[in-house]
Amino acid sequence: YRDDDDINDVASMAGVNLNEENARIMATSSDLVGTQIQSCKDEPFLAAIPLHKRILEMAKKLGITDVPAEVVTFISHATQNRLRTVIEKVTVITQHRMESYKDDEWYEQATDVRSQLKFFEQLERLEKQRKDEQEREILLKAAKSRSRQEDPEQARLKQKAKEMQQQELAQMRQRDANLTALAAIGPRKKRKLDSPGLLTVGGEGLSMSGGSQAGLGTPSSRQYARQKITRVNLRDFIFYMEQERETSHSLLLYRALLK
């Protein structure tokens, strides 16, 4: 026979003995009983002594002679938080700059400045080549002419044509010597740098595999993933300072723009 109160006892209905469970918890956590838990020591981000001196120098100008250590710690943590925020924002700007939309179907390329610059460079190269050909023809004509009159300009052109021919002959000899040397060396063999577990240091292969019997160049079973590096340049910092209200009209931004 059970009382009505036993029906409301959910633990008894589930077959759980609370006394046994309590004893089991105390047995497993007995090493934690009586221990004292303390918080970690507050490590400042900046060196406390130089920062305290700098704060005192600035405070003396305002008539403050004493600055407690808590203020130094607070300013150090504030500097750390500010630096973390700046790095996070500049990292986002850099990643946005490095994004490529060439393969995105929602974007269509409107202009290609690189191709335009290559086209202008090719035009300049052709124009320079045409002028060089004209000058070469003038020099060759001056070298072949046999005028009896002693003209100093004609003599200068002949001398320049002679120097040009000697320079062309030297370039041809150098080219022939390079081709002969390459033919004597033979085809170059490519190094196998894609083998797993091989690290190249100063031209020597070092194995990354563990174990005392692993030799040089032995492929390793573990593959080390290369960490992605985000490189931030001055242009990213300038863009960040232009967007921030505190630095959009600062002297630091103007100095960065002059570099």
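Every residue gets a number counted from 1 within its own chain, in the order that chain's sequence is written. Predicted model: local features are reported for residues with pLDDT of at least 70 only, side-chain atom pairs are reported and counted for 80 or more only, and whole-chain, interface and lining totals are derived from all residues. Note that the side-chain values use all heavy atoms of the structure and ignore hydrogens as well as water.

The chain appears in an unreviewed UniProt entry as TAF4 factor from Chloroceryle aenea. Among the UniProt annotations of the chain, the heading Subcellular location (unreviewed entry) holds the following wording: "Nucleus". Its UniProt record gives the chain the following Sequence similarities (unreviewed entry) comment, quoted word for word: "Belongs to the TAF4 family." UniProt positions are given in the numbering used here, feature names are shortened, and annotations may be inferred rather than shown by experiment.

What follows concerns the overall build of the chain. Of regular secondary structure, the chain possesses 9 helices and 2 strands. Reading the chain from its N end, one meets helices and strands in the order α-α-α-α-α-α-α-β-β-α-α. Per-residue burial for the chain yields a buried fraction of 11% across its 259 residues. Pairs of residues are marked as contacts when any of their non-hydrogen atoms sit within 4.5 Å. For the chain, long-range pairs separated by at least 24 residues make up 40% of all intrachain contacts whose partners lie at least 6 apart in sequence. Using a 1.4 Å probe, the Shrake-Rupley method yields the accessible areas, and only the shown protein chains count as cover for residues. When the accessible surface of the chain is totalled, it reaches about 24,200 Å², and 54% of it is carbon and sulfur. The way it works is that DSSP assigns letters per residue, a run of H or I at least four long becomes a helix, a run of E at least two long becomes a strand, and they are numbered from the N terminus. Burial classes: relative accessible area under 20% of the type maximum marks a residue as buried, over 50% as exposed, and values in between as partly exposed (1.4 Å probe, protein chains only).

The term salt bridge refers to a side-chain nitrogen of Lys or Arg lying within 4 Å of a carboxyl oxygen of Asp or Glu. If you walk through the whole model with that rule in mind, you get 6 salt bridges. Here Arg97 makes a salt bridge to Asp236, at a shortest N to O gap of 2.8 Å. With Arg97 in helix α5 (residues 69-98) and Asp236 in helix α8 (residues 234-243), the pair connects residues that are 139 residues apart, well separated along the chain. Taking relative accessible area as the criterion, Arg97 reaches 32% and is therefore assigned partly exposed. Assessed through its relative accessible area of 2%, Asp236 is described here as buried. When the shortest N-O distance is used, the salt bridge between Lys128 and Asp132 registers 3.3 Å.

This part is about the nonpolar core. Side chains that are nonpolar tend, in soluble globular proteins, to be buried together. We call a set of buried residues a nonpolar core when its members are Ala, Val, Leu, Ile, Met, Phe, Trp, Tyr or Cys and they connect through side-chain atoms within 4.5 Å of each other. Grouped together as the largest cluster of nonpolar side chains are 8 residues: Val86, Val90, Ile93, Ile238, Tyr240, Met241, Leu253 and Ala256. Looking at this core, the elements with two or more residues in it are α5, α8 and α9 (251-258).

Our focus in this paragraph is the layout of surface pockets. A probe matching the size of a water molecule, rolled over the atoms, marks out where space remains unfilled. Here a cavity denotes grid points, spaced 1 Å and computed from the protein atoms alone, that fit a 1.4 Å probe unable to get out, and a pocket denotes an open set having protein on both sides within 12 Å along at least 5 of 7 lines; residues with an atom within 4 Å of a point are the lining. Grid points are joined across faces, edges and corners, and a volume is the space filled by probe spheres set on the points. In this structure, the largest pocket spans a volume of roughly 400 Å³. Taken together, Glu99, Ser100, Tyr101, Lys102, Tyr107, Glu108, Gln109, Thr111, Asp112, Val113, Arg114 and Ser115 make up the lining of the largest pocket. Three classes are used, and their members are as follows: Ala, Val, Leu, Ile, Met, Phe, Trp, Tyr, Cys and Pro are nonpolar, Asp, Glu, Lys and Arg are charged, and the others, Gly among them, are polar. Residues that form the lining of the largest pocket fall into these classes: 3 nonpolar, 4 polar and 5 charged.

With that settled, the discussion passes to a nonpolar patch on the surface. Within this analysis, patches are made of residues with over 30% relative accessible area and no salt bridge. Like charges are joined at 9 Å or less; nonpolar side chains (Val, Leu, Ile, Met, Phe, Trp, Tyr) at 5 Å or less. Residues Phe119, Phe120, Leu123 and Leu126 make up a contiguous nonpolar surface patch of roughly 400 Å² in combined accessible area. Secondary-structure assignment places Leu126 in helix α6 (residues 113-144).

To obtain an axis, a line is fitted to C-alpha atoms, over the contacting stretch when the element is a helix, and the angle between two such axes runs from 0 to 180 degrees between their N-to-C directions. With their axes 10 Å apart at the nearest point, helix α4 (residues 48-60) and α5 run at an angle of 105° to one another. Between α4 and α5, the interaxial angle falls into the category roughly perpendicular. Residues Ala48, Leu51, His52 and Ile55 of α4 pack against Val72, Ile75 and Ser76 of α5. Split into classes, the residues belonging to the contact of α4 with α5 amount to 5 nonpolar, 2 polar and no charged. Here is the rule for angles: anything less than 35 degrees is roughly parallel, anything more than 145 is roughly antiparallel, 65 through 115 is roughly perpendicular, and the remaining ranges are oblique.

With that out of the way, let us pick up the confidence of the model for the chain. Every residue gets a pLDDT, meaning the predictor's confidence in that residue, from 0 to 100. Confidence along the chain averages 77 in pLDDT terms, with 72% of residues attaining 70 or more. Throughout residues 195-219 the model reports pLDDT below 50, and contacts reaching past four residues in sequence, or to other chains, amount to 31 contacts.

Our focus in this paragraph is the packing of α6 against helix α7 (residues 152-185). Angle between the axes and distance between the axes: these two values describe a pair of packed helices. Direction vectors running N to C along α6 and α7 enclose 115°, while the axes themselves pass 8 Å from each other. With respect to each other, α6 and α7 are oriented roughly perpendicular. In the crossing of α6 with α7, the sense of the turn from one axis to the other is left-handed. For the pair α6 and α7, the contacting residues are Glu135, Arg136, Leu139, Leu140, Ala142 and Ala143 in the first and Gln154, Leu157, Lys158, Lys160, Ala161, Met164, Gln165 and Glu168 in the second. Partitioned by chemical class, the residues of the contact of α6 with α7 number 7 nonpolar, 2 polar and 5 charged. Left-handed describes a crossing in which the near helix is turned anticlockwise from the far one by less than a right angle; the clockwise case is right-handed.

Mapped onto the elements of the fold, Thr94 is located in helix α5. In protein, a polar contact means a hydrogen-donor-capable atom and an acceptor-capable atom, both N or O and within 3.5 Å, with residues adjacent in sequence counting only if both atoms are side-chain atoms; elsewhere, any N or O pair within 3.5 Å suffices. Polar side-chain contacts of Thr94 include one of 2.9 Å to the backbone oxygen of Val90. Aside from chain neighbours lying at most four places away, what touches Thr94 is Thr230, Arg231, Val232 and Asp236.

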